[in-house]
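So the chains spell out like this:
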Amino acid sequence: MVRHGIRDKVAIIGCDMTKYGELWDKSQYDLLFEAVQSATKDARINKDEIDASWVGIFYFFTGLSGAMVEDILKLDGKPATRVENYCASGMDAFRKKVYIS
Amino acid sequence: MPIGIKSYGAYLPKYMLPRESIGKAWDFPVVPGTKAVAMEDEDSLTMSVEAGLDCLEGINPKTVDGLFFASTTQVYTEKDSASLIATVLDMREDILTADFSDSTKAGTTALTRAVDTIKANEDIKSILVVAADTRIPEPSTMWEFGFADGAAALLVADEENIPISIDDYYSVSANTTGPWKRADKDEFIRTFEVKMDAMFYTQSMTKAMSELLKRNGLKPEDINIAAYYYNNPRMHSTISKIMKFGQGVAQNSIFFQVGDTGTPMPFMLLIASLRRPKQDDKIIMAGFGDGADAILMQVKDKDGVRQIGKGRMGFVGHQKSMAILKNYNKFIEFKELLNKDRYKRKSSAVTLWRDTASVYKWYGLKCKNCGTVQYPDLMRTCSFCRADDQLEHVKLSKKGTIFTFTLDHLVGGAYLNTPVPRCVIDLEGGGRVLVNMTEIEKPEENVKIGMEVEMTFRKEHEGAEFKNYYWKCRPVRGRP
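Residues numbered from 1 in each chain as written. Chains lettered and ligands numbered in written order. Predicted model: local features only at pLDDT ≥ 70, side-chain atom pairs only at ≥ 80, totals over all residues. Heavy atoms only, no water.

Peer 1: Give a description of the overall build of chain B that names residues and reports values.
Peer 2: Check the secondary structure of chain B and you find 14 helices and 20 strands. Taken over C-alpha atoms, the radius of gyration comes to 23 Å for chain B, in line with the 23 Å a tight globule of 480 residues would show. Dimensions of chain B, computed from C-alpha atoms along their principal axes, come out at roughly 70 × 55 × 40 Å. When contacts within chain B are restricted to residue pairs at least 6 apart in sequence, those whose partners lie at least 24 apart make up 71%. Carbon and sulfur atoms provide 50% of the accessible area of chain B, an area that totals close to 20,600 Å². (Helix = DSSP H or I, 4+ residues; strand = E, 2+ residues; numbered from the N terminus. Rg over C-alpha atoms; globule rule 2.2 N^0.38 Å. Contact = heavy atoms within 4.5 Å. Areas by Shrake-Rupley, 256 points an atom, 1.4 Å probe, with all protein chains shown as cover.)

In structure tokens:
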């Protein structure tokens, strides 16, 4: 995949991040919502225009799925995949997405 | 304006244990009657919530200016319970909360402190006083016949047309020989010599009540209702004789069926006596424990008192919906006296704090766009119309019907009272919640889709060495 390259095939159209810190008043769901909301705003798209999602979560539990994103954003019926690769979970979710699609 | 009792509420657990089964278990002489026994998911705090809910039925909790909690069975020795009870009852934050403990007279002491506080502060118009106890008797001792569980609440207020006025009180302090329970070493209550305990009880009780009558220029025959603490029926009649109360004045309706509930007992005796109030009845209520408090009250508006009784379960409503606990071993299990190794669950105090509105105060969300009520309140997107940031908090109902359920044989690894029904409840007025069911026998036969249930505040588990409370559902006991 890498040999073929992804130039002009994949583009980042929007991104953002939440505030960092000991955010006692926020859950991981709140942070996920905030990041997605500001990234879609940055991309000037509507939430409904998202066709699929990849999420990287490293959390104590097993048995979490990509459906967590669907549940928070209510993107019912859209494909969702969760990637876990320890602290590289987020980066790996991104890499999987750009090379697979 | 007169200070007095604006409302009352009570709570008795679902089960009563026949004293006969205690006698059989230990080859003791058989003693008649039953006693109220709380389940393993109940403690003084959860029972206080129930009594508080009963007391505040039809009253906006945001109008109450304080909450005093009285108990000898505090759930924490550092961390107050009053603030959590006030949170669950959905009271304001700019209120006064305090715990009263270490003596079975803590209830009457909290009540008299509430009266004084209201008298001394113009801004404080009402205080809810809740008392609860779950004293665990040492198995195979005589305490086992008496000690029972329950809670009661009185709303003290300063307002016109108060149904029952609180006119005066008198207290005595006495360092007695027992009973005691060392904070650092004892699992159970101990005593040195019961006959000496009885002497101190008689002295303090009669002294407090006689002095109160004397300074108000009253004679024993002027008293219509006497609601005083007692832990055995013989002592009850001794006090009545010494005080020279008329026939039927001294309230004794509780011990035979319910038992010695400790701190809330004087409140319960009072509440039980108010079923048929007479205008201008004079009432004396007294609590005991290293001294005594006696409180003088009067029925100012009998219709008002009757009105309170109509809107809530009170003492009798709970008593009527109790069931017999058939098995003594079940009582030992309820009290967790068998030290079984139990699976420890995870917990986060931070998450609990963050989710206070949904977990404790029982709030859900209502979508401003489509009107759908949903739970929990952790979302920012409507589950139905998918609108972002259109959700506002809404108080959920504590009644509902079972939409679906499953029976969990392994829940929490406790293997206690399994299978546990895990129910999806459609609440009245909207909202669908997933909660466990308690107070259910033979769930395989008795849990049904469409069954009506009530929400009750219970101990869920003690993960992370912390008490985790949450709502459960129970078959209807008749809460209005």
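Peer 1: Which residues make up the overall build of chain A, and what values go with them?
Peer 2: Along its length, chain A carries three helices and two strands. Each helix (α) and strand (β) of chain A, taken in turn from the N terminus, gives the series α-β-α-β-α. Here the C-alpha radius of gyration of chain A, 14 Å, is about what a compact globule of 101 residues would show, namely 13 Å. Per-residue burial over chain A gives 29% buried out of 101 residues. Sequence separation of at least 24 residues holds for 64% of the intrachain contacts in chain A that already meet a minimum separation of 6. As presented, chain A carries roughly 7,300 Å² of accessible surface, and 56% of it is formed by carbon and sulfur atoms. (Buried < 20%, exposed > 50% of the residue type's maximum accessible area, 1.4 Å probe, protein only.)

Peer 1: Before we move on, can you summarise the side chain of Gln319 of chain B with the specific residues and values?
Peer 2: Looking at the secondary structure, you find Gln319 of chain B in helix H10 (residues 314-320). In this structure Gln319 of chain B touches Leu12, Gln257 and Val258 of chain B, once residues within four positions along its chain are discounted.

Peer 1: Residues and numbers for unusual backbone geometry, please.
Peer 2: All names here are of chain B. Omega for the bond connecting Gly178 with Pro179 falls within 30 degrees of zero, at 0°, which places this linkage in the cis form. Position of Pro179 relative to the elements: it lies in the loop between strand S8 (164-173) and helix H6 (194-215). With an omega dihedral of 0°, the bond running from Tyr375 to Pro376 counts as a cis peptide bond. Inspection of the secondary structure puts Pro376 in the loop between strand S14 (373-374) and strand S15 (391-395). Positioned with a positive phi, Asp27 is a non-glycine residue whose angle comes to about 60°. Relative to the elements of secondary structure, Asp27 occurs in the loop between helix H1 (19-26) and strand S3 (34-37).

Peer 1: Go over the pattern of salt bridges with me, naming the residues and quoting the values.
Peer 2: For the structure on display, the rule yields 37 salt bridges over all chains. With a closest N to O distance of 3.6 Å, Glu34 of chain A and Lys26 of chain A form a salt bridge. As a salt-bridge pair, Arg380 of chain B and Asp389 of chain B come within 2.9 Å of each other at their nearest N and O atoms. Using a relative accessible area of 25% as the deciding quantity, one classes Arg380 of chain B as partly exposed. Accessibility expressed as a relative area gives 38% for Asp389 of chain B, which makes it partly exposed. (Salt bridge = Lys/Arg side-chain N within 4 Å of Asp/Glu carboxyl O.)

Peer 1: Tell me about the nonpolar core, and name the residues and values.
Peer 2: Residues and elements named next belong to chain B. Core analysis: the largest hydrophobic core is formed by 74 residues, its most contacted members being Met205, Met209, Tyr228 and Phe315. For this core, the element with the most residues is helix H8 (residues 265-273), which contributes seven residues. If we ignore the near neighbours within four places in the chain, the residues touching Met205 are Tyr228, Tyr229, Ile239, Ala286, Gly287, Phe288 and Ala292. Counting residues in each nonpolar core, the second largest holds 53 residues, with Leu53, Leu56, Ile85 and Val447 among its members. (Core = buried A, V, L, I, M, F, W, Y, C linked by side-chain atoms within 4.5 Å.)

Peer 1: How would you sum up the interface of chain B and chain A? Please name residues and give values.
Peer 2: Counting residues at the interface gives twelve residues for chain B and 16 residues for chain A. For the pair chain B and chain A, the summed buried area comes to about 1,200 Å², and 49% of that belongs to carbon and sulfur atoms. The three residues of chain B that bury the most area against chain A are Arg354, Arg380 and Arg386 of chain B, which together make up 48% of that side's buried surface. The interface formed by chain B and chain A contains two salt bridges. Put simply, chain B and chain A have ten residue pairs in polar contact (both at pLDDT 80 or more) between them. Considering only residue class, the side of chain B that touches chain A consists of five nonpolar, two polar and five charged. (Buried area = accessible area lost by both parts, 1.4 Å probe. Polar contact = N/O pair within 3.5 Å; in protein donor to acceptor, adjacent residues only side chain to side chain. Nonpolar A, V, L, I, M, F, W, Y, C, P; charged D, E, K, R; others polar.)

Peer 1: Can you explain the sheet that holds S3 of chain B? Please cite residues and give values.
Peer 2: By definition, the strands of a sheet pair up through backbone hydrogen bonds, in either a parallel or an antiparallel sense. Residues and elements named next belong to chain B. Read from one edge to the other, the open sheet built from three strands follows the order S3-S2-S12, with strand pairing classed as mixed. Of all strands in the sheet, those bounded by a partner on one side alone are S3 and strand S12 (323-324). As judged from the two bridges shared by strand S2 (residues 15-18) and S12, these two strands associate in the parallel manner. Within S12, the residue paired with Tyr15 across the bridge is Ala323. Running at roughly 50° to S2, H1 makes contact with S2 and S3 of the sheet. (Pairing = 2+ DSSP bridges. Axes fitted to C-alpha atoms, helices over the stretch in contact; angles between N-to-C directions.)

Peer 1: Describe in detail the environment of Gly14 of chain A, supporting the description with residues and values.
Peer 2: Residue and element names in this part refer to chain A. Tracing the chain through its elements places Gly14 in the segment before helix H1 (28-42). Residues Gly14 and Gly66, spaced 52 residues apart in sequence, show a C-alpha to C-alpha distance of 21 Å. Among all residues touching Gly14, those that are not within four sequence positions of it are Ala39, Asp42 and Ala43.

Peer 1: Tell me about the sheet that holds strand S20 (residues 468-475) of chain B, residues and numbers included.
Peer 2: All names here are of chain B. Reading across from one edge, S18-S17-S16-S19-S20 is the order of the five strands in this open sheet, with antiparallel pairing throughout. If you trace the sheet from one side to the other, it starts and ends with strand S18 (432-436) and S20, each paired once. Taking each pair of neighbouring strands and ignoring which way they run, the sheet shows an average axis angle of 35°. Bridge count for strand S19 (residues 452-461) against S20 is eight bridges, and the pairing is antiparallel. Looking at the pairing, Phe457 lines up with Trp471 of S20. Helix H2 (residues 44-55) contacts S19 and S20 of the sheet and is inclined by roughly 150° relative to S19.

Peer 1: Which residues make up the environment of Ile22 of chain B, and what values do they have?
Peer 2: Residue and element names in this part refer to chain B. Structurally, Ile22 can be placed in helix H1. Separated by 117 residues in sequence, Ile22 and Pro139 place their C-alpha atoms 8.9 Å apart. In contact with Ile22, not counting residues within four places along its chain, are Leu17, Lys35, Glu144, Phe145 and Tyr328.

Peer 1: Would you mind going over the state of the cysteines in detail, with residue names and values included?
Peer 2: Inspection of every chain in the model, using the stated rule, returns zero disulfides over all chains. With no disulfide of its own, Cys473 of chain B has Cys423 of chain B as its nearest cysteine by sulfur position, at a separation of 4.2 Å. (Disulfide = S-S within 2.5 Å.)

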